[in-house]
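Here is how the chains run, residue by residue.
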Amino acid sequence: MHFQDSLGYIDIDNNTQIHIEYSNNILYLKGNKNEEIKKFLKGQSNLNKTKYKITNPKKVHIFFSQHDISEKDDGEKDAFNQLRFFLPYDDCNYPYISSFSIDSRQNQTDNIIIKNAVVESLKLEGINCEVIVENTKCGGLHIHDSTPKQLKLYNIEKLTFENKTSVFNVEDSDLTNAWFDKVKLNSFTICNFYRTTLENTTFSSTVFPKKIEALIYPFTSKTEKDYHEALYENYRQIKTALLKQNNRMQALEMHTEMYNAIMKSKNLECQDKIILCTNQISNNHGTSISKAFVLSISLIFIIGIIYCLALPNAPYKFGWNGYESFLLAVEESYIFIKYNIKSFFILANPTHKLSSLITVNGGEELSDANYFISFLSRLFIAWAYFQFVSAFRKFGKQL
């Protein structure tokens, strides 16, 4: 069965070979003017949308092509004694085809090939054959209940039109034999994998979004009991797949998002949440040197100030005695802290000696609070240094 530049609702339930082709010289309509045709094609009513529903085909080949047309072309040409309509360049990326829906649950399909398509929605369901989708723009790509023998997605990106939400959605599928090559997942508004096997999927030049979902379409709620666990599993499987391909840069991104997801789980123990939270703040789960550096400097600065204000010869004690007194205390305390700045450098060393602190204090004895602050500084600053080293080794350590 061959369809050339066809419009309407087309429902095919037949074990046959199907060839569908569209080009920018899309119509033969005698007597119609360009604006009337464009108005018809871009009509808001679903009645004007072209939809294909294909069930249990033998083969499906879908090809879109674009012929060279002069920009000065008025859109009408004589062809076989008819008026032929050409889509202008500006309209070539408009989804005149609403959807291709292919259902192959009876395992009768040999292969599905889709190339250069511009379509509002592409849905593959129950697929167990070879599938190739190349150079395609779509508002939504849905794969359901599928275990393809081979799935190759090459140069796939969202189609932007009418400010609609674009979706890349895979549910209840095994993508063990899938290859994502130059797939711009980040271009889609929503990227979703639900109950999908991804550990052995090949990702080449794939751009991932900042957030990957784990929801049931049409994504009405995130209140599922195991939502964050499912999200964690998505990131974990993608990280594993990327590490198998030695793609450590993107694996580190998945590593971070993996722990950010499980950290929000209600099933996680409190102590584990605390550990993950502190790791996120300190070095973003071992991936951010800048966070660890800022943490180290901040701790030295804060601990040093508290230590100086706790010295026996500090100009003021903690308390409140009016606003004017507070401003005077701040000024004189700043001068005092600046005078004892050497204490900051001693405290920055987790193995510092108390005798060194006494020496820079003019040989005077320290207060009990100073001893306690010295003890805490060893713990917190040593931990901050460890987080810095851990983040610095993000390309060498095992994830």
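Note on numbering: residues in each chain are counted from 1, in written sequence order. In view of the model being predicted, local features appear only for residues whose pLDDT reaches at least 70, and side-chain atom pairs are presented and counted only at 80 or more, with totals across whole chains, interfaces and linings using the full set of residues. Note that the side-chain values use all heavy atoms of the structure and ignore hydrogens as well as water.

### Some points on helix 2 (residues 227–244)
Next, step 1: The terminal C-alpha atoms of helix 2 lie 26 Å apart, and with 18 residues this matches the ideal 26 Å at 1.5 Å per residue to within 8%.
Next, step 2: Exposure is judged per residue with a 1.4 Å probe applied to protein chains only, and the accessible area is read against the type maximum: over 50% gives exposed, under 20% gives buried, and values in between give partly exposed. We count a stretch as a helix when DSSP gives it H or I for four or more residues in a row; a strand needs E for two or more, and each element gets its number in order from the N terminus. Of all the positions in helix 2, only Tyr227, Leu231, Asn234, Tyr235, Gln237, Ile238, Lys239, Ala241 and Leu242 are classed as buried.
Next, step 3: Tucked inside the fold, the buried residues of helix 2 contact strand 17 (190–194), strand 18 (202–204) and helix 3 (248–262).
Next, step 4: Following helix 2 by one or two positions, Asn246 has its phi on the positive side, about 60°. Here a helix's expected span is defined as the number of its residues, less one, multiplied by 1.5 Å. Note on definitions: a residue-residue contact is assigned when non-hydrogen atoms from the two residues lie within 4.5 Å.

### Brief notes about unusual backbone geometry
Next, step 1: Of note, the phi angle at Asn107 is positive, near 55°, even though the residue is not glycine.
Next, step 2: Structurally, the position occupied by Asn107 is in the loop between strand 9 (97–103) and strand 10 (111–115).
Next, step 3: The phi dihedral of Asp145 is positive, around 45°, even though this residue is not glycine.
Next, step 4: Within the secondary structure, Asp145 sits in the loop between strand 13 (140–144) and strand 14 (150–158).

### Remarks on the nonpolar core
Next, step 1: Ranked by internal contacts, the top residues of the largest apolar core, which has 56 residues, are Ile20, Tyr52, Phe100, Leu153, Phe168 and Phe180.
Next, step 2: For this core, the element with the highest residue contribution is helix 2, accounting for six residues.
Next, step 3: Counting 20 residues, the second largest nonpolar core, distinct from the first, contains Leu311, Phe344, Ala348 and Ile373. Only buried residues count toward a nonpolar core. Its members are Ala, Val, Leu, Ile, Met, Phe, Trp, Tyr and Cys residues joined through side-chain atoms within 4.5 Å.

### So, the packing of aromatic side chains
Next, step 1: Here the aromatic set is Phe, Tyr and Trp, taking the six-membered ring for Trp, and pairing holds for ring centres within 6.5 Å; pairs whose planes are under 30 degrees apart are stacked, those over 60 apart are edge-to-face, and all others are tilted. Tallied over the full model, the rule gives 12 aromatic pairs.
Next, step 2: Residues Phe64 and Phe100 carry aromatic rings whose centres are separated by 6.4 Å and whose planes lie at 85° to one another, so their mutual orientation is edge-to-face. Remark: Phe100 occurs in strand 9 and Phe64 occurs in strand 6 (residues 59–65); sequence separation between them is 36 residues. Phe100 matches Phe64 in its accessibility class, with the two residues each being buried.
Next, step 3: Taken together, the ring pairs in this structure connect Phe168, Phe180, Phe188, Phe193, Phe203 and Phe208 into an aromatic cluster.

### With respect to the pattern of salt bridges
Next, step 1: A pairing counts as a salt bridge when a side-chain nitrogen of Lys or Arg comes within 4 Å of a carboxyl oxygen of Asp or Glu. This structure, assessed with the given rule, holds 10 salt bridges.
Next, step 2: Between Arg236 and Glu233 there is a salt bridge whose closest N-O contact spans 2.5 Å. Linking Arg236 with Glu233, this pair stays in helix 2, spanning three residues, or about one helical turn.
Next, step 3: By sharing partners, the salt bridges in this structure join Asp103, Arg105, Lys123, Glu125 and Asp145 into a single network.

### Points about a nonpolar patch on the surface
Next, step 1: A cluster of nonpolar side chains, contributed by Phe372, Phe375, Leu379, Phe380 and Trp383, occupies part of the molecular surface with about 500 Å² of accessible area.
Next, step 2: Following the sequence through the fold, Trp383 ends up in helix 9 (residues 368–392). What goes into a patch is any residue over 30% in relative accessible area without a salt bridge, connected to like charges within 9 Å or, for nonpolar side chains (Val, Leu, Ile, Met, Phe, Trp, Tyr), within 5 Å. Working definition of accessibility: Shrake-Rupley area with a 1.4 Å probe, residue cover restricted to the visible protein chains.

### Some remarks on the confidence of the model for the chain
Next, step 1: With 84% of its residues at a pLDDT of at least 70, the chain reaches an overall mean of 86.
Next, step 2: As a per-residue quantity, pLDDT reports the predictor's confidence and falls between 0 and 100. Segment residues 71–75: pLDDT under 50, and six contacts once partners within four positions in sequence are set aside and those in other chains are kept.
Next, step 3: A low-confidence stretch, residues 78–82 stays under pLDDT 50, and its non-local contacts, those more than four residues away or across chains, total seven contacts.

### What about the packing of helix 4 (residues 270–283) against helix 9?
Next, step 1: The geometry of helix 4 relative to helix 9 is characterised by a closest axis approach of 10 Å and an angle of 70° between their N-to-C directions. One way to sum up the angle between helix 4 and helix 9 is to call them roughly perpendicular. Across the interface between the two elements, Thr278, Asn279, Ser282 and Asn283 of helix 4 pack against Trp383, Gln387, Ser390 and Ala391 of helix 9.
Next, step 2: Residues were grouped as follows: Ala, Val, Leu, Ile, Met, Phe, Trp, Tyr, Cys and Pro as nonpolar; Asp, Glu, Lys and Arg as charged; and all remaining residues, including Gly, as polar. Class assignment for the residues of the contact of helix 4 with helix 9 results in two nonpolar, six polar and no charged. Only the contacting stretch of a helix is used when fitting its axis, a line to C-alpha atoms as for every element, and angles between N-to-C directions run 0 to 180 degrees. Orientation is classified from the angle alone, with under 35 degrees giving roughly parallel, over 145 giving roughly antiparallel, 65 to 115 giving roughly perpendicular, and any other angle giving oblique.

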